[in-house]
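One letter stands for each residue in the lines below.
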Amino acid sequence: MYYGAIEAGGTKFVCAVSDDQFVIKDRISIPTSSPAETLNQVFEFFDQYSLKSIGIASFGPIDVNKNSKTYGYITTTPKPDWSNFDFVGTIKDRYPVAVAWTTDVNAAAYGELKKGNAQGCESCLYLTVGTGIGGGAVVNGKLLEGYGHPEMGHVLVRLHPEDTYEGTCPYHGNCLEGLAAGPAIEGRYGSKGDELEKADKVWEIEAYYIAQALVDYSLTLRPEKIILGGGVMKQKQLFPLIRDEFAKLMANYVTIPDLNEYIVAPGLGDNAGVIGSLLLAAETCEDQLYS
Ligand code: ADP
Ligand code: ZN
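For every chain, the first residue of the written sequence is number 1, and numbering continues from 1 onward in sequence order. Key to labels: chains lettered from A, ligands numbered from 1, both in the order written. Predicted model: local features are reported for residues with pLDDT of at least 70 only, side-chain atom pairs are reported and counted for 80 or more only, and whole-chain, interface and lining totals are derived from all residues. Only hydrogens and water are removed before side-chain values are computed, so all heavy atoms of the structure are retained for them.

Going by the annotation in an unreviewed UniProt entry, the name recorded for the protein chain is fructokinase, with Bacillus canaveralius given as the source organism. Of the comments in the UniProt record for the protein chain, the one headed Catalytic activity (unreviewed entry) reads "D-fructose + ATP = D-fructose 6-phosphate + ADP + H(+)". UniProt positions are given in the numbering used here, feature names are shortened, and annotations may be inferred rather than shown by experiment. The Sequence similarities (unreviewed entry) field of the UniProt record for the protein chain holds the comment "Belongs to the ROK (NagC/XylR) family."

Peer 1: Before we move on, could you go through the coordination of the zinc ion (ligand 2) and cite the residues and values that matter?
Peer 2: Sites may look incomplete, because water is not among the atoms used; the donor set itself consists of N, O and S atoms within 2.8 Å of the metal (3.2 Å for Na, K and Ca). Of the protein atoms, only His154 (ND1), Cys169 (SG), His172 (ND1) and Cys175 (SG) coordinate the zinc ion (ligand 2), at distances of 2.1 to 2.3 Å. Geometry is assigned from donor-metal-donor angles: four donors are tetrahedral when every angle falls between 85 and 135 degrees, four are square planar and six octahedral when opposite donors sit over 155 degrees apart with all other angles between 65 and 115, and any other arrangement is irregular. In this structure, the zinc ion (ligand 2) is coordinated by four donor atoms arranged in tetrahedral fashion, with angles at the metal of 103 to 119°. Summarised as a motif, the one-chain spacing of the donors to the zinc ion (ligand 2) is H-x14-C-x2-H-x2-C. Highlighted residues: His154 in the loop between β10 (142–143) and α4 (176–180) and His172 in the loop between β10 and α4, separated in sequence by 18 residues. Per the convention used, a helix needs a DSSP run of H or I reaching at least four residues, while a strand needs a run of E reaching at least two, with both numbered from the N terminus.

Peer 1: Kindly report on the site of ligand 1, identifying the contributing residues and their values.
Peer 2: Any residue with a non-hydrogen atom lying within 4 Å of a molecule or strand is treated as near it. Every residue close to ligand 1 is listed here: Thr11, Gly130, Thr131, Gly182, Pro183, Gly193, Asp194, Gly230, Gly231, Val232, Lys234 and Gln235. For this analysis, a polar contact is any N or O atom pair within 3.5 Å, provided that within protein one partner can donate a hydrogen and the other can accept it, and provided that sequence-adjacent residues contribute only side-chain to side-chain pairs. One of the backbone nitrogen or oxygen atoms of Gly231 is found 2.8 Å away from an oxygen atom of ligand 1. Between ligand 1 and the protein, one listed contact pairs a nitrogen atom with a side-chain N or O atom of Gln235 at 2.7 Å. Within the complex, the protein chains bury 64% of what would otherwise be the 560 Å² of accessible surface of ligand 1. The classification used treats Ala, Val, Leu, Ile, Met, Phe, Trp, Tyr, Cys and Pro as nonpolar, Asp, Glu, Lys and Arg as charged, and all other residues, Gly among them, as polar. Here the shell around ligand 1 is composed, by residue class, of two nonpolar, eight polar and two charged. Note that accessible areas follow from Shrake-Rupley with a 1.4 Å probe, and for residues the cover is restricted to the protein chains shown.

Peer 1: Please provide a residue-by-residue account of the pattern of salt bridges, values included.
Peer 2: Basic side-chain nitrogens of Lys or Arg form a salt bridge, by our definition, when they fall within 4 Å of a carboxyl oxygen of Asp or Glu. Scanning the entire structure with this criterion turns up eight salt bridges. Close ionic contact of Glu162 with Lys201 constitutes a salt bridge, the shortest N to O distance being 3.2 Å. In this pair, Glu162 sits in the loop between β10 and α4 while Lys201 sits in helix α6 (residues 200–221), placing the two residues 39 residues apart along the sequence. We call a residue buried when its accessible area falls under 20% of the maximum for its residue type, exposed when it is over 50%, and partly exposed in between, using a 1.4 Å probe and counting protein chains only. A residue is classified by how much of its surface remains accessible, and Glu162, at 53% relative accessible area, is exposed. Judged by relative accessible area, Lys201 falls into the partly exposed class, the value being 34%. Close ionic contact of Glu245 with Lys248 constitutes a salt bridge, the shortest N to O distance being 3.5 Å. Placement of the pair is Glu245 and Lys248 together in helix α7 (residues 238–250), with a separation of three residues, close to one helical turn. Salt bridges here are not isolated pairs; linked through shared partners, they connect Glu162, Lys201 and Glu204.

Here you go:
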């Protein structure tokens, strides 16, 4: 018997199965196309295994409210055919096992807390800076969810004095995601982030925005660790710039861990979401046994 994991991204789906020690036995990566086509490939993969439970970490927005009629759905995504898709229902129809359901970044936060760079912590925050910006958190050992899931990428930030870019967010223009996700870098400078490695000003402005958000998250959630992942964070020079700006803005107002230990890269690399999903699959399985 295996635990199953689905990390559902806007570009690709990663499916994996593991034993009960969370050692991955098999995995595949499937390009995200239509729900029918993608799910057929997901089924082909999992049909090979006898599953105990499945953890799904999905791109959003998704409905995580257990009291809602559309719990388990992807809700309002602009991605063609995926809005109002009953993800959990579709998986449960095929595999009548316990299914854990959360956002890709909540699962990544959980994976990092249990097996990555936040081991030993009770709370941590995971922020991805990629095509979009999204944050997830574990607070006192539990995923942070309430009426919905966090949408940390859309917090508002102060504009850098030298930045005149209007931002890419269709809802808010110059929110954090609108100013600092990968497409904003490309929109502002006309080149992708990985081609701008040597342009110091680009990363100074990027850090200016990310640090502001991290101060806000720190003041509201007081996590023990903040993990920054996603394509844009492959620019490692961002880490010290973000820490410096964070220190300036925080101005020693509250006590926080040493910044070199507090703002870090993922310990699980690009596997945080998959490992987190496997762990959540195991937990949901136990919850069912004891409820
Ligand atoms: P996604 O968010 O789609 O899951 P990624 O986390 O890889 O995928 O993010 C993709 C975004 O990150 C793109 O906008 C891309 O330009 C940017 N990106 C990817 N690699 C790098 C890099 N090495 N340096 C800067 N930006 C990068
Ligand atoms: Zn926004």
